[in-house]
Amino acid sequence: MATSAISHADQVPSDHAEKRGLWSWITTVDHKRIGILYGATAFIFFLMGGIEALLIRWQLARPENTFLSPELYNELFTMHGTTMIFLAVMPLSAAFFNYFIPLQLGARDVAFPRLNAFSYWVFLLGGLWLNISFLFNAAPNAGWFGYANLTTNQFSPGLNIDFWMIGLQILGVASLAAAVNFFTTVVNLRAKGMKFMRMPMFTWMSFITQVLLLLAFPVITVALILLMFDRFFGTHFYIPASGGDPILWQHLFWIFGHPEVYILILPAFGVVSEVLPVFSRKPLFGYAAMVFSGIFIAFLGFGVWAHHMFATGMGPIADTAFSLTTMLIAIPTGVKIFNWLGTMAGGSLQMKTPLLFSIGFIAMFIIGGLSGVMHASPPADLQQTDSYFIVAHFHYVLFGGSIFALTSGAYYWWPKMFGRMLDEKIGKVHFWLMLIAFNLTFFPMHFVGLHGMPRRVYTYPAGLGFETMNMLETVGALLLALSQAIFIWNIIKAWRGPRNAPADPWNGATLEWAIPSPPQEFNFAVEPEVHSRDPLWEQKRQQGPLPEPERVGGQGIHLPNPSFWPLLTATGVAGIFISMMMIQFLGWWFVVAMVLWFLFSVYNWIFEPA
Amino acid sequence: MSDHSHALEHHTATGLDSRKVAIWTFIGSECMFFASLIGTYLVYHGKSLSGPTAGETLEIPLVTGGTAVLLFSSFFVVMALNGAQRGNRRSLLFWLSATVLAGLSFVGMQIYEFSHFVHEGLTIKTNLFGATFYTLTGFHGTHVSIGVLWLATLLILAFRGKITPEKAINLEIAALYWHFVDVVWVVIFPVVYLMKDWKP
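Residues numbered from 1 in each chain as written. Chains lettered and ligands numbered in written order. Predicted model: local features only at pLDDT ≥ 70, side-chain atom pairs only at ≥ 80, totals over all residues.

1. Comments concerning the overall build of chain B
Part 1 of the argument: Across its full length, chain B carries 7 helices and 0 strands.
Part 2 of the argument: The linear arrangement of helices and strands in chain B, starting from the amino end, is α-α-α-α-α-α-α.
Part 3 of the argument: Overall, the C-alpha framework of chain B stretches about 60 × 35 × 20 Å when taken along its three principal axes.
Part 4 of the argument: Counting across all 200 residues of chain B, residues that qualify as buried make up 40%.
Part 5 of the argument: Of all intrachain contacts in chain B linking residues separated by at least 6 positions in sequence, the fraction that spans at least 24 positions is 82%. (Helix = DSSP H or I, 4+ residues; strand = E, 2+ residues; numbered from the N terminus. Buried ≥ 20, exposed ≤ 12 C-beta atoms within 10 Å, placed from the backbone. Contact = placed C-beta atoms within 7 Å.)

As structure tokens, then:
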């Protein structure tokens, strides 16, 4: 039936025929295509970060290994962390924001389609700039949190830190522009009848994430500006010999950095909260509690940053306060976990791949959450900090948490995005291999960490009892890589298969399942109206199974015009930052030229008819 | 200056123009930007290892004048917006020109102040006071300059008769930004200038 609907579409005269060709991608302002661009780019960066991780694991497989030099090892763990956080998990979430926030809201696009394209291009340029550093043999090498004063000119001469600092500044512009856009989209483009307390949970959690982005990113922007001034213009913000305080960097970095971990996990919470009800055939348990626990987590997320800094000796009062706020976060998080379990309890569970990944997420995230509560206690943290125990903890929440949930989202939404189903059998192999390999890689890190193996050190001596565990971890990492290869195989297989996914393959509850797979450019032929939290389920209850939606011509629907100015403006933004880094080589004229180029692009953008 | 499709322009869930929601959102984000800069300034206040210090350098009278000009410019832009909304072209042009001139004189005041201090031997490299002072007030000045550029663009459009009452929203958004930049200065002025002799 679906195939006939699609072949039928080719005959319909259309104002919005499917666009093809490279130029159509460069000038696109369609949120769905931008979402696909985000997803594809982020997945490539994810694989690069994975290769960096494999090199690290290969080096650590044996004691006193000489596979990597200490210098290269520093570059690899720095780029692995920076890549996975800023170039993989964040933009993979952004891919889903782009594709599904407007669809779940019942909107035709985001509030500012060209600004959306701009965000993607700035993100791409920032990611490329970070990775181009490898070609200059100057990849960042001071860790993803780049502690001062290791990053000052005295201890880090060369371009390594410059690439990191400038790359992150460029990426920050992309995140902020996107956050303003999605915040406005959720506030203003909800369909008729969609009150805030009727929004799908993915959209809710994404909305909260935008608030975190808006309030957290300016702080790292300032931290990086101060570092930039120290390195380029001779100030002394982080230089103790001149009265500067390196701890200021830690405060600014973690005031950003802790909300950042919720920026990485809240969208994952949202995905899981979509998948569980659909595959349990039950509405989400405790909708309001889910919303408010998400808000509470975000609020508390700004009050816990110094738990990353117990080892700096802040004194008993600060330690106690931040320890308490940190433990407090376990409460709303626990509320969420019980609600997910409550959603599944008594449901008619459909053990499809998306559900498996979501259940895997809950289990892995609980393990990561429990170790997190352990180092909320300062005395415990002083033992665990900078050891592999911490590495185990944040991989359980970021890989076991975010990546499992995002993979669940990929299996869940793939048919909607591409009109093709991913294979269930391969998906199940993917899940079980990934789950086993993940635990094989990261569970032993708890033990070697508590036995004293420090993180970020390129090797370890024999005879300390680390050998077996490290070898197991490396084997696990290789199997993890294999599980990703299986995922890629599944994608290729689907790509070669027919484009015949039905509009609603999972019996979904939210608006994106009411329109054809993949959706037409204008999303909704008729702007929808909702009366409940699960509008599609309500409709199916009243009318029985819904017929496959027709592909229509969409005559008279006005959509924003394609534009290349977002890309050109993005080159202006990246150019301004890059030219700052080049002052020592090219002088100020290049900065001035880039500012003028940026202004030229902005004015062309503004006066271009939308 | 619209950045969304006409299909989306007709109605929004809140009834507010999306650009207005966006500028408020951006202003919220900017609060954290200036909070971080002001925090850094306060943390390093009195921590310079060598002079010149804030107490020795800063001169209140000149900056009080600049502050007054900036505060009045917020009033001017309100009058300009009122003119635009009522379709009173003369009022719009007069008050918007006054706003741009006031913004320019503030920037001029700051350029004079900075070069004066540099002549007296305070650069961004001299000590922590120099670094934090120039960074904080410099980023504020950059925001003022962007505002001047924005308002001047609108002034040119107004001269060409492009700011009709239906398009007054374009000026309203710029005015919101302008008020924000003004409010930030209301915090910076006492923290940096009036408290210059404060000993932490």
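Now that the structure has been shown, the text picks up again.
2. Describing the overall build of chain A
Part 1 of the argument: Of the regular secondary structure elements, chain A holds 19 helices and 0 strands.
Part 2 of the argument: If you line up chain A on its principal axes, its C-alpha atoms span 70 × 60 × 45 Å.
Part 3 of the argument: Scored against the burial criterion, the 610 residues of chain A give a buried share of 55%.
Part 4 of the argument: Considering only contacts within chain A whose residues lie at least 6 apart along the sequence, 84% involve residues at least 24 apart.

3. With respect to helix H6 (residues 128-159) of chain B
Part 1 of the argument: Between its terminal C-alpha atoms H6(B) stretches 46 Å, which fits the 46 Å expected from 32 residues at 1.5 Å a residue.
Part 2 of the argument: In the segment just after H6(B), B:Gly161 is the residue with positive phi, at about 75°. (Expected span 1.5 Å × (residues − 1).)

4. Describing the interface of chain B and chain A
Many descriptions give the size of an interface as the accessible area lost when the pieces come together.
Part 1 of the argument: Contacts between the two partners involve 34 residues from chain B, matched on the other side by 39 residues from chain A.
Part 2 of the argument: Counting only elements with at least two residues in the side of chain B that touches chain A, the list comes to helix H1 (6-9), helix H2 (18-43) and H6 of chain B.
Part 3 of the argument: Element by element, the count of residues in the side of chain B that touches chain A is highest for H2(B), at 14 residues.
Part 4 of the argument: Classifying every residue of the side of chain B that touches chain A by side-chain character gives 16 nonpolar, 14 polar and 4 charged. (Nonpolar A, V, L, I, M, F, W, Y, C, P; charged D, E, K, R; others polar.)

5. Things to note about the nonpolar core
Residues and elements named next belong to chain A.
Part 1 of the argument: By size, the foremost hydrophobic cluster in this structure holds 236 residues, and its most contacted members are Val-122, Ile-170, Ala-223 and Phe-256.
Part 2 of the argument: Counting residues per element, this core draws most heavily on helix H7 (residues 201-233), at 22 residues.
Part 3 of the argument: For Val-122, the contacting residues outside a window of four places in its chain are Ile-170, Val-173, Ala-174, Ala-177, Ala-570, Val-573 and Ala-574. (Core = buried A, V, L, I, M, F, W, Y, C linked by C-beta atoms within 7 Å.)

6. Details of the environment of A:Phe100
Residues and elements named next belong to chain A.
Part 1 of the argument: Along the chain, Phe-100 falls in helix H4 (residues 70-105).
Part 2 of the argument: We classify Phe-100 as buried; it has 27 C-beta atoms within 10 Å.
Part 3 of the argument: Leave out the neighbours within four places in its chain, and Phe-100 touches Phe-202, Trp-413 and Glu-512.

7. Regarding unusual backbone geometry
Part 1 of the argument: At the junction of A:Ala148 and A:Asn149, the peptide bond is cis and its omega measures out at 0° in the coordinates.
Part 2 of the argument: Along the chain, the position of A:Asn149 falls in the loop between helix H5 (113-132) and helix H6 (160-188).
Part 3 of the argument: Of note, the amide linkage connecting B:Gly51 to B:Pro52 takes the cis form, showing an omega dihedral of -10°.
Part 4 of the argument: Its place among the elements puts B:Pro52 in the loop between H2 and helix H3 (54-57).
Part 5 of the argument: In this structure, A:Arg281 takes a positive phi of about 55° despite not being glycine.
Part 6 of the argument: Counting through the fold element by element, A:Arg281 comes out in the loop between helix H8 (246-280) and helix H9 (287-301).
Part 7 of the argument: Notably, A:Asn507 is not glycine yet its phi reads approximately 60°, a positive angle.
Part 8 of the argument: For A:Asn507, the position within the fold is in the loop between helix H15 (467-496) and helix H16 (535-543).

Distances and angles like these do not, on their own, reveal function.
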